[in-house]
Amino acid sequence: MYDVLIIGGGIVGTTIARRLSRYKLSVCLVEKSNDVAMGSTKANSAIVHGGYAEANAKLKGRLCYKGRVQYEQLNKELNFGFRKTGSLVITTDENNLPKLEAMLENGQKNGLTDLKILSHDEIMAMEPNINPDVRYALYCEGAGVCSPYEMAIAMAENAVHNGVELFLFSEVVGIDKEEDHFVVHMTNRDFKTRYVINAAGLYSDKIDQMVNEKTFEIRPRSGEYILFAPGTGKALNTVVFQMPSKMGKGILVTSTYHGNLLLGPDAIDEDGGVDRSTHVERLYKIYKEGLLTTDKMDIETFIRSFTGLRAVASTDDFIVGATATPGFLNAAGIQSPGLTSSPAIADMITEELAAQGLTLEEDPSYDPYRAPIIERKEEMRPYSEIAPLLDIPSCPEKIICRCEQVEEKTIVDCLHRGIPVLSVDGVKRRTRASMGYCQGDFCRPRIKAIMEREYGVPIDIRTDIQKEGAARVTREEFLAYCREQEK
Ligand SMILES: Cc1cc2nc3c(=O)[nH]c(=O)nc-3n(C[C@H](O)[C@H](O)[C@H](O)COP(=O)(O)OP(=O)(O)OC[C@H]3O[C@@H](n4cnc5c(N)ncnc54)[C@H](O)[C@@H]3O)c2cc1C
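Residues numbered from 1 in each chain as written. Predicted model: local features only at pLDDT ≥ 70, side-chain atom pairs only at ≥ 80, totals over all residues. Heavy atoms only, no water.

(A) Fine view of the layout of surface pockets. Counted as a void, the second largest pocket has a volume near 1000 Å³. Arg304, Ser305, Lys428, Gln439 and Arg472 are the residues nearest the centre of the second largest pocket, which is lined by 44 residues in total. Secondary-structure elements contributing two or more residues to the lining of the second largest pocket are helix H6 (148-161), strand E16 (260-264), strand E18 (302-313), helix H12 (424-431), helix H13 (444-455), helix H14 (464-468) and helix H15 (475-486). Element by element, the count of residues in the lining of the second largest pocket is highest for E18, at six residues. Along the lines of polarity and charge, the residues of the lining of the second largest pocket split into 18 nonpolar, 13 polar and 13 charged. (1 Å grid on protein atoms, 1.4 Å probe; cavity = no way out; pocket = protein on both sides within 12 Å on 5 of 7 lines; lining within 4 Å. Points joined across faces, edges and corners; volume = space filled by probe spheres on them. Helix = DSSP H or I, 4+ residues; strand = E, 2+ residues; numbered from the N terminus. Nonpolar A, V, L, I, M, F, W, Y, C, P; charged D, E, K, R; others polar.)

(B) How the structure looks around the side chain of Arg276. By the element assignment, Arg276 lies in the loop between strand E17 (268-269) and helix H8 (280-290). At 3.4 Å, the side chain of Arg276 forms a polar contact with the side chain of Glu468. Apart from the residues lying within four places of it in its own chain, the contact partners of Arg276 are Met38, Gly39, Thr307, Leu309, Ile465, Glu468, Ala470 and Arg472. (Polar contact = N/O pair within 3.5 Å; in protein donor to acceptor, adjacent residues only side chain to side chain. Contact = heavy atoms within 4.5 Å.)

(C) Seen up close, the sheet that holds strand E3 (residues 47-48). Spatially, the three strands line up as an open sheet ordered E3-E8-E4, and their pairing is antiparallel. Each edge of the sheet is formed by a strand with only one pairing partner; in this case those strands are E3 and strand E4 (82-84). (Pairing = 2+ DSSP bridges.)

(D) Main features of the packing of aromatic side chains. Counted under the stated rule, the structure contains 10 aromatic pairs. Relative to Phe478, the ring of Phe302 has its centre 4.7 Å away and its plane inclined at 20°; by these criteria the two rings are stacked. Separated by 176 residues along the polypeptide, Phe302 in strand E18 and Phe478 in helix H15 bring together distant segments of the chain. As far as burial versus exposure is concerned, Phe302 and Phe478 are alike and both buried. Taking NZ or CZ as reference, Lys177 lies 4.7 Å from the ring centre of Phe182, over its face. A cation sits over an aromatic face here: Arg402 above Phe442, 4.0 Å from the ring centre. (Phe/Tyr/Trp six-rings, centres within 6.5 Å; stacked < 30°, edge-to-face > 60°. Buried < 20%, exposed > 50% of the residue type's maximum accessible area, 1.4 Å probe, protein only. Lys NZ or Arg CZ within 6 Å of the ring centre and 35° of its normal.)

(E) Expanded view of the site of the ligand. Neighbouring the ligand are 38 residues; Glu31, Thr41, Ile47, Ile334 and Thr340 lie closest to it. If the ligand stood free it would expose 1000 Å²; the protein chains cover 97% of that surface. When contributions to the shell around the ligand are tallied by element, the ones reaching two or more residues are helix H1 (11-20), E18 and helix H9 (338-355). Classifying every residue of the shell around the ligand gives 17 nonpolar, 17 polar and four charged. (Near = heavy atom within 4 Å. Areas by Shrake-Rupley, 256 points an atom, 1.4 Å probe, with all protein chains shown as cover.)

(F) Examining the pairing of strand E11 (residues 182-186) more closely. With respect to burial, E11 is a largely interior element, four of its five residues being buried. Pairing between E11 and strand E12 (residues 190-198): four bridges, direction antiparallel. Residue Val184 lies in a different strand from E12, and its bridge partner there is Phe191. Connecting E11 to the next strand, E12, in antiparallel fashion are three residues.

(G) Up close: the environment of Ile399. Looking at the secondary structure, you find Ile399 in strand E21 (residues 399-401). Note: C-alpha distance between Ile399 and Pro337 (62 residues apart in sequence) is 37 Å. Those residues within four positions of Ile399 in sequence are excluded, and the remaining contacts are Arg381, Ile386, Leu389, Leu390, Gln405, Val406, Glu407 and Arg446.

(H) A look at the packing of helix H3 (residues 71-78) against H6. The N-to-C vectors of H3 and H6 enclose an angle of 60°; their axes lie 11 Å apart at closest approach. With respect to their mutual orientation, H3 and H6 come out oblique. Here H3 and H6 pass one another in a crossing that is left-handed. The residues of H6 that touch H3, namely those facing Tyr71, Leu74 and Leu78, are Met151, Ala154, Met155 and Asn158. (Axes fitted to C-alpha atoms, helices over the stretch in contact; angles between N-to-C directions. Parallel < 35°, antiparallel > 145°, perpendicular 65-115°, else oblique. Left-handed = near helix turned anticlockwise from the far one by under 90°.)

All quantities given are derived from atomic positions and should not be read as evidence of function.
Given below as structure tokens:
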């Protein structure tokens, strides 16, 4: 019997697992996909938000800043990639000043002390490439960017290192409440556990209804993105938002943690389904809106489009903590800023477990550290230096991915860290191999060969998106559409 079983290996489930791994408890994390970080955690803006945007009356307003302030320390321990860049909410309309002031005031209510309104000149000094018509901006000094899937992977690796058991390919299909424990039924096994944590993202309403009366619903809200080539992120220094709307924080333009310019997301409520396809008309609209922030974007450097799905709860807030069923806790409806808030959500769940009678005794063997798989590359090595390392016999220094300059030893390392990596995309998320200009044309077969050699099992070379049957707008389609529109 486990003490705690966590359903869902997104950033919320993995952060809770790692948080609990410091105590003398038996904990397991069950995930239906072939890897952790396969839901909303895989595709989002990756912003470590300031915490001024959500009202203090909402849990998401109260948890964001509490999560944000933990990032620096977490990144020191886990090396997943976090950079404090600061963020700006900009306006070109003089009349929006009171709205920025209201956001500042709300941020102060949420505990923030690093907000200020900037004038045109101050903004231009900070961001020389921004739209020169900008009038005012709300600046948050402590906001930043991170690598969300690397963060969830790091959390999971460290949790496993500290004794948490991770079960992939394990979809929860039913839960029975017995006298003093639960029986959790999965497609491939059943487990007994004293406590259940529901962190199942888009499906957290279905999981909740396995034990409780229906009190909320989750609806997917899609958001599409354009990602530009490595190095393009240098156009901006901070995360730049436009004025928010009822549907969200609006189109942002930022550099990703690894230095690609990122544009998006839009927001469309979906009627059901979880289609991660992208659409050329939506991408074009995002591009045009992005131009209101900066024109330092070259569409020729478009390398990829993608879609994220927000788990929007009918309560329009995070649903975290006790439910009508003692021992069954929710971490549901975790839409934005859920990534930022995840450390605070894990704290709240831990406190609730203690309140419900779980003994939390520190484990003296707990090790909070996890070595990085990769470091952020400021500059790539000259091609002449890597060319002789491309087609040599297998060795640690052999370059497997030409665009991102990933060595064989990095690929091998990521495969042997306590979590089986069973897709080529799993290697991509851990090492960045196939994230560059050619999007894997060159290196995917080479990665597959290393995986098969290391694991001795056949590996499916297809991408996650190909396996899901989703269609993504390609660079050629996007460029052709832009040309057509601009005629
Ligand atoms: C477009 C977009 C932009 C965003 N931008 C930001 C941002 O910039 N900053 C920020 O802080 N937040 C942002 N967010 C929010 C953030 O991405 C989410 O809050 C966070 O990823 C939610 O994590 P999660 O673990 O709750 O869910 P998920 O990552 O979806 O994980 C849930 C997991 O549960 C698994 N699961 C589901 N059902 C079952 C089952 N029956 N059995 C077993 N496993 C199951 C799924 O496979 C999945 O892996 C954004 C979200 C989106 C979509």
